[in-house]
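So the chains spell out like this:
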Amino acid sequence: MTDRHKIPERSVSERIKDFEEVALPFDLETAISEAKRCIQCKKPKCVSGCPVEIDIPGFIKLIAEGKREEALAKIKEKNALPAVCGRVCPQEDQCEKECILGIKGKPVAIGALERFASEKTKSETLNPKQIQNSNVQNSKVAVVGSGPAGITCAADLALMGYKVTMFESLSDSGGVLIYGIPEFRLPKRIVRTEIEYVKSLGVEILNDVLIGKTITIEQLFKDGYKAIFVGSGAGLPNFMGIPGENLLGVYSANEFLTRINMMKAYKFPEYMTPIKIGKKVAVFGAGNVAMDAARCALRLGAEEVKIIYRRSRTEIPARKEELERAEEEKIEFHLLTAPTELFGDEKGWVKEAECLKMELGEPDKSGRRRPVPVQGSEYRIPVDTVVVAIGNKPNPLIPLSDSRLTIHNWGGVIIDQQTKMTSIPGVFAGGDIVRGAATVISAMGDGKLAAREIDKWLSR
Ligand SMILES: Cc1cc2nc3c(=O)[nH]c(=O)nc-3n(C[C@H](O)[C@H](O)[C@H](O)COP(=O)(O)OP(=O)(O)OC[C@H]3O[C@@H](n4cnc5c(N)ncnc54)[C@H](O)[C@@H]3O)c2cc1C
Ligand code: SF4
């Protein structure tokens, strides 16, 4: 059998100078050759690893036959965002983890093939057949938030014949796909094309509407919406609570990435909204968000970028390929290290971070080994910019605006696992507002299941 084909990438020296995409698509020949590695299992385990249940062998077979557009249509039967998923989904933990070829060798490159299918395809092939349900046609459903959970729920409901309006508090649609993940991993034009596709299904998107403030949940029902899906995400940053965290030059990763992505600081001076980045940048945390912040800082001119993480490389939660790309780009990893205090200069700008060495103890509740401080191991490093990327909590606005909505003590909205309904009848929820910060595909899976449950609820 042929070896798994490597995903092509731009060279390190070229890519760190700009925000253009790092990973490149397979060419036709490579895609066909990779697709032919798939043995078309009768009971494909890869599909059970996919939260949105894509017919993986089905679309791969079409690629193997050179039918790219048909392959895309097959994916779109289940997934409204293939170009996004083909780029950012952690396939190594999902479909590819289950692929039978992975037992003795390397799994089929399902993610790269999904991306290939979504490249440069004529728009008229993008609409799968509309599924009309005459009982519910034209019932109005509101979707709150235009991230992957909201987009998927809206697209599926539109395909069932519902009249869907998506309310988004920001001026641009796409959620984290637009304001969080940087251009070099997920170009904005890709997200915009996917949003246009969702609109082409009849979904109306109203931007700059903050549900819970501009309009309440109760008001939406009064306005004739028969059901509501809340996919408002986890956009509230965690902080470390260490002295000096409010010094100038200390950003939350949210603010840092939003200013780069949405305010287009990466296009300065074309856009007059620069972000101040020093020469010595420290990023606290080692998830996808931390890797993105570190790699953005590098591209915006930082000379030294350090990732400071309290566990070892094995526990790093970022996607493996993004970790490897960050390492290739010479981001420095200070592992088993925790920041304890930040010090400023006379003008209040951060200038030093004090760190403490850690060692790994017994596993904690998450199953990962707990970091234990090594007493007396404090040392200081010079910094002029710090980005705190240690996780996000669910956005609290909607829960705060309606006391009927029950939430966990960590802020997540509580839903019935079967029906996806919250404590308010007719209000459903999914994605990061329910799970806490998770993944694009899990948010999409939630949106898909919620659409089915909304349909059941409205057809009862
Ligand atoms: C920098 C970064 C990198 C990431 N990288 C990856 C990755 O590589 N792979 C991966 O799988 N996952 C990644 N993730 C996680 C992934 O993006 C999220 O899990 C996913 O976007 C969650 O989707 P969602 O629809 O629940 O919420 P979001 O994408 O957060 O969307 C929620 C939307 O709701 C809007 N909203 C909030 N409150 C209101 C309100 N009151 N009224 C109206 N609108 C509202 C918000 O503005 C937002 O647009 C990353 C996250 C970040 C921040
Ligand atoms: S498990 Fe792997 S080999 Fe089998 S159908 Fe899925 S992708 Fe193909």
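Residues numbered from 1 in each chain as written. Chains lettered and ligands numbered in written order. Predicted model: local features only at pLDDT ≥ 70, side-chain atom pairs only at ≥ 80, totals over all residues. Heavy atoms only, no water.

1. Quick look at the sheet that holds strand β8 (residues 304-308)
1) Next: Spatial ordering of the open sheet is given by β6-β14-β7-β8-β9, a layout of 5 strands whose pairing is parallel. Only two strands of the sheet have a single neighbouring strand rather than two, namely β6 (250-252) and β9 (332-334). Put simply, the sheet's adjacent strands are angled 20° from each other on average, direction ignored.
2) Next: Here strand β7 (residues 280-284) runs beside strand β14 (residues 385-388); their pairing, made up of 4 bridges, is parallel. (Pairing = 2+ DSSP bridges. Helix = DSSP H or I, 4+ residues; strand = E, 2+ residues; numbered from the N terminus. Axes fitted to C-alpha atoms, helices over the stretch in contact; angles between N-to-C directions.)

2. Regarding the state of the cysteines
1) Next: All told, the structure shown has 0 disulfides when counted by the stated rule.
2) Next: The cysteine cysteine 95 is free of any disulfide, with cysteine 50 supplying the nearest cysteine sulfur at 6.3 Å.
3) Next: Residue cysteine 296 stays outside any disulfide, its sulfur separated by 20 Å from that of cysteine 89, the closest cysteine.
4) Next: Classification of cysteine 296 by relative accessible area gives buried; the value is 0%. (Disulfide = S-S within 2.5 Å. Buried < 20%, exposed > 50% of the residue type's maximum accessible area, 1.4 Å probe, protein only.)

3. With respect to the sheet that holds strand β16 (residues 427-429)
One key point about sheets: their strands pair by backbone hydrogen bonds, in either a parallel or an antiparallel sense.
1) Next: The strand order across the open sheet formed by 5 strands is β3-β2-β1-β4-β16, and the pairing between neighbours is parallel. Edge strands, defined here as strands with exactly one partner in the open sheet, are β3 (204-206) and β16. Each strand of the sheet is rotated relative to its neighbour by a mean of 20°, with strand direction disregarded.
2) Next: Sheet topology places strand β1 (residues 140-144) next to strand β4 (residues 227-230); 4 bridges connect them, and they run parallel. Within β4, the position partnered with alanine 142 by the bridge is isoleucine 228.
3) Next: Taken strand by strand, helix α18 (residues 440-458) contacts β1, β4 and β16, and its axis lies near 165° from that of β4. (Contact = heavy atoms within 4.5 Å.)

4. Quick word on the environment of valine 383
1) Next: Looking at where valine 383 falls in the secondary structure, it is placed in the loop between β13 (379-382) and β14.
2) Next: For valine 383, a relative accessible area of 5% gives the class buried.
3) Next: The sequence separation of valine 383 and glutamate 70 amounts to 313 residues, and the corresponding C-alpha distance is 52 Å.

5. Digging into the domain arrangement of the protein
Size of an interface: often given as the accessible area lost when the parts come together.
1) Next: Once the domains are mapped, the protein shows domain 1 (12-125), domain 2 (140-235 + 393-458) and domain 3 (239-390).
2) Next: Contacts between the two partners involve 13 residues from domain 2 and, on the opposite side, 12 residues from domain 3.
3) Next: Area buried by domain 2 at its contact with domain 3 is led by Tyr179, Phe184 and Arg185, which between them contribute 53% of it.
4) Next: Inspection of the domain 2/domain 3 interface yields 2 salt bridges.
5) Next: One salt bridge in this structure joins aspartate 292 and arginine 185, with 2.7 Å as the shortest N-O distance.
6) Next: For the pair domain 2 and domain 3, the interface holds 6 residue pairs in polar contact (both at pLDDT 80 or more).
7) Next: Looking at the side of domain 2 that touches domain 3, its residues break down into 6 nonpolar, 3 polar and 4 charged. (Domains from an automatic or database assignment. Buried area = accessible area lost by both parts, 1.4 Å probe. Salt bridge = Lys/Arg side-chain N within 4 Å of Asp/Glu carboxyl O. Polar contact = N/O pair within 3.5 Å; in protein donor to acceptor, adjacent residues only side chain to side chain. Nonpolar A, V, L, I, M, F, W, Y, C, P; charged D, E, K, R; others polar.)

6. Considering the nonpolar core
1) Next: Ranked by internal contacts, the top residues of the largest apolar core, which has 73 residues, are Ile56, Phe59, Ile60, Ile63, Leu113 and Leu157.
2) Next: The element that contributes the greatest number of residues to this core is helix α9 (residues 148-159), accounting for 8 residues.
3) Next: Per-domain counts for this core show at least three residues from each of domain 1 (12-125) and domain 2 (140-235 + 393-458).
4) Next: Formed by 33 residues, the second largest nonpolar core is a distinct cluster that contains Ile275, Cys296, Val305 and Ala326. (Core = buried A, V, L, I, M, F, W, Y, C linked by side-chain atoms within 4.5 Å.)

7. Quick word on the pattern of salt bridges
1) Next: In this structure the tally under the stated criterion is 43 salt bridges.
2) Next: Note that lysine 78 is salt-bridged to glutamate 53, the shortest N-O span being 4.0 Å. Placement of the pair is lysine 78 in the loop between α5 (68-76) and α6 (82-88) and glutamate 53 in the loop between α3 (45-48) and α4 (56-64), with a sequence separation of 25 residues.
3) Next: According to the relative accessible area criterion, lysine 78 is partly exposed, its value standing at 29%.
4) Next: Notably, a salt bridge pairs arginine 87 with glutamate 119, separated by 3.0 Å at the nearest N-O pair. Of this pair, arginine 87 sits in helix α6 while glutamate 119 sits in the loop between α8 (110-118) and β1, placing them 32 residues apart in sequence. Each of the two residues, arginine 87 as well as glutamate 119, counts as buried.

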